[in-house]
Amino acid sequence: MGHFSSMFSGLARSFSIKKVKNNNGTCDAKEAADEMVKDAKKKEMILKSCGYVYAEGSNNSASVFSKRGEKGVNQDCAIVWEGFGCQEDMIFCGIFDGHGPWGHYVAKHVRNSMPSSLLCNWQKTLAQTALLEPELDLEGSNKKFSRFDIWKHSYLKTCASVDQELEHHRKIDSYNSGTTAITIVRQGDVIYVSNVGDSRAVLATSSDEGSMVAIQLTLDFKPNLPQEKERIIGCNGRVFCMKDEPGVHRVWQPDTEAPGLAMSRAFGDYCIKEYGLVSVPEVTQRHISAKDHFIILASDGIWDVITNQEAIEIVSSTAERPKAAKRLVEQAVRAWKKKRRGIAMDDMSVVCLFLHSSSSSPSLSQHVQHATTFK
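The written sequence of each chain sets the order in which its residues are numbered from 1. Under the rules for a predicted model, residues below a pLDDT of 70 receive no local features and side-chain atom pairs below 80 are neither given nor counted, while totals for whole chains, interfaces and linings still include all residues. Side-chain metrics rest on all non-hydrogen atoms present in the structure, leaving aside hydrogens and water.

## Focus: the layout of surface pockets
Over the atoms, a rolling probe the size of a water molecule traces out where space has been left empty. So the rule is basically this: Cavities and pockets were defined on a 1 Å grid built over protein atoms only: a cavity is a set of grid points that admits a 1.4 Å probe from which the probe cannot escape, a pocket is an open set flanked by protein on both sides within 12 Å along at least five of seven lines, and lining residues are those with an atom within 4 Å of any such point. Grid points are joined across faces, edges and corners, and a volume is the space filled by probe spheres set on the points. Numbering goes from the N terminus for both helices and strands, where a helix is a DSSP run of H or I of at least four residues and a strand is a run of E of at least two. Here the term charged refers only to Asp, Glu, Lys and Arg, the term nonpolar to Ala, Val, Leu, Ile, Met, Phe, Trp, Tyr, Cys and Pro, and the term polar to all other amino acids, Gly among them.
Of the pockets and cavities examined, the largest pocket occupies roughly 850 Å³. Along the wall of the largest pocket there are 32 residues; nearest its centre are Lys71, Arg250, Ala262, Asp300 and Asp346. Elements supplying a minimum of two residues to the lining of the largest pocket: strand S5 (90-99), strand S12 (249-252) and strand S13 (259-261). When its residues are assigned to classes, the lining of the largest pocket shows 10 nonpolar, 10 polar and 12 charged.

## Examining the side chain of Arg265
Here is the rule we go by: Working definition: with a 1.4 Å probe on protein chains only, accessible area under 20% of the residue-type maximum means buried, over 50% means exposed, and in between means partly exposed. What qualifies as a polar contact is a pair of N or O atoms within 3.5 Å, subject to a donor-acceptor requirement within protein and to the restriction that residues adjacent in sequence count only when both atoms come from side chains. Note on contacts: a residue pair is in contact if any heavy atoms of the two residues lie within 4.5 Å.
Take Arg265: it is sitting in the loop between S13 and strand S14 (267-268). Accessibility expressed as a relative area gives 13% for Arg265, which makes it buried. Side chain to side chain, Arg265 and Glu228 meet in a polar contact 2.9 Å long. Of note is the side chain of Arg265, whose polar atom sits 3.0 Å from the backbone oxygen of Val280. When sequence neighbours within four positions are dropped, the list of residues in contact with Arg265 reads Val196, Gly197, Phe221, Glu228, Arg231, Leu277, Val278, Val280, Pro281 and Glu282.

## As for the confidence of the model for the protein chain
The criterion, for reference: What pLDDT conveys is the predictor's confidence in a given residue, as a value from 0 to 100.
Mean pLDDT for the protein chain: 88, with 85% of residues reaching 70 or above. Low pLDDT (under 50) marks residues 1-26, which in the prediction has 50 contacts with non-local residues, meaning those over four places away or in another chain. With pLDDT under 50 throughout, residues 360-375 is counted as low confidence; its partners more than four residues away or in other chains account for 47 contacts.

## Comments concerning the packing of aromatic side chains
For any pair of aromatic rings, the description consists of the separation of the ring centres together with the inter-plane angle of the planes. Quick reminder of the rule: Note on aromatic pairs: the rings of Phe, Tyr and Trp (six-membered ring only in Trp) are paired at centre separations within 6.5 Å, and the planes decide the class, stacked below 30 degrees, edge-to-face beyond 60, tilted for the rest.
Within this structure, the stated rule accounts for 7 aromatic pairs. Ring centres of Trp102 and Tyr105 lie 5.3 Å apart, and the angle between their planes is 50°; on these two criteria the pair is classed as tilted. Assessed through its relative accessible area of 44%, Tyr105 is described here as partly exposed. Relative to Trp252, the ring of Phe240 has its centre 4.9 Å away and its plane inclined at 10°; by these criteria the two rings are stacked. Taken together, the residues Phe240 in strand S11 (residues 238-241) and Trp252 in strand S12 connect sequence positions 12 residues apart.

This is the structure in structure tokens:
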């Protein structure tokens, strides 16, 4: 990649949206991001239902499926945005797993807010970096700011602002409700992964011997993880298992057996935020090689009964890419009925992001093919 100044200029030109001015005469990044969302929706490049995304000429394609469990309304939701930020080489994917009485509303709110907020913060960070280092070579060895630094900073700002906005939302009660969020941005041959909670991202890649192997890209943020437990206890929260749930560690308030969260990071859940629960994401990156095939994003209902290796084998053995996510969910449902008989099945949601084009990919007349909506 060339100098940062030329990259930023090219980026600005490629947005192909009307620049919006605020009262100070400067470009309002938030309004610009909102315009990008409207433009993407108009071009049917954002999928928020079960279905398949494939843009002609793109390396990216994604299969999405969600199934309601046995606990009531489906509190999972997902998103795929092809051409994220009006960039041909970018795609945004996410799974959001809500919990609590208002969990489905919280999950949908975070899903709807995060992409535009991330774009806004990404643009601001790019602009600020360009001012500080106008001749910065992002690929150079003496760089102060890398692409990863920019994305990590953008994600940290985004998660903080989305969580703060949620706390003051007048129509959503998130005091005792929340959501996890696992998202990926692919930019060219690099993926940036952000994880808040216990959903998971798994990469399918080829080993040197040629077999397909699973690489877990994220950490399941459970309360019993040493660094998570230390933070929670340091904030006067408690971590322990219920007698009828051995092995399931939960977060509790100091003097009350509530709320009993089974994850240590989440948006919302303000009843426990002062006692160690955080919405700070873990942000990582990975360079994609020819050996890497696809990434599975899934809510914890899948991983409760399916191993990483089983998941990639199910997806890789699915003849048609559009059916990959649905087949994984169906196999997980069968596994749940065998392994967890008598326990109410959790909601299950999957995004399969395929990293390379395939001759078997269907040629769609539109960018997005919808199957059915989440319920």
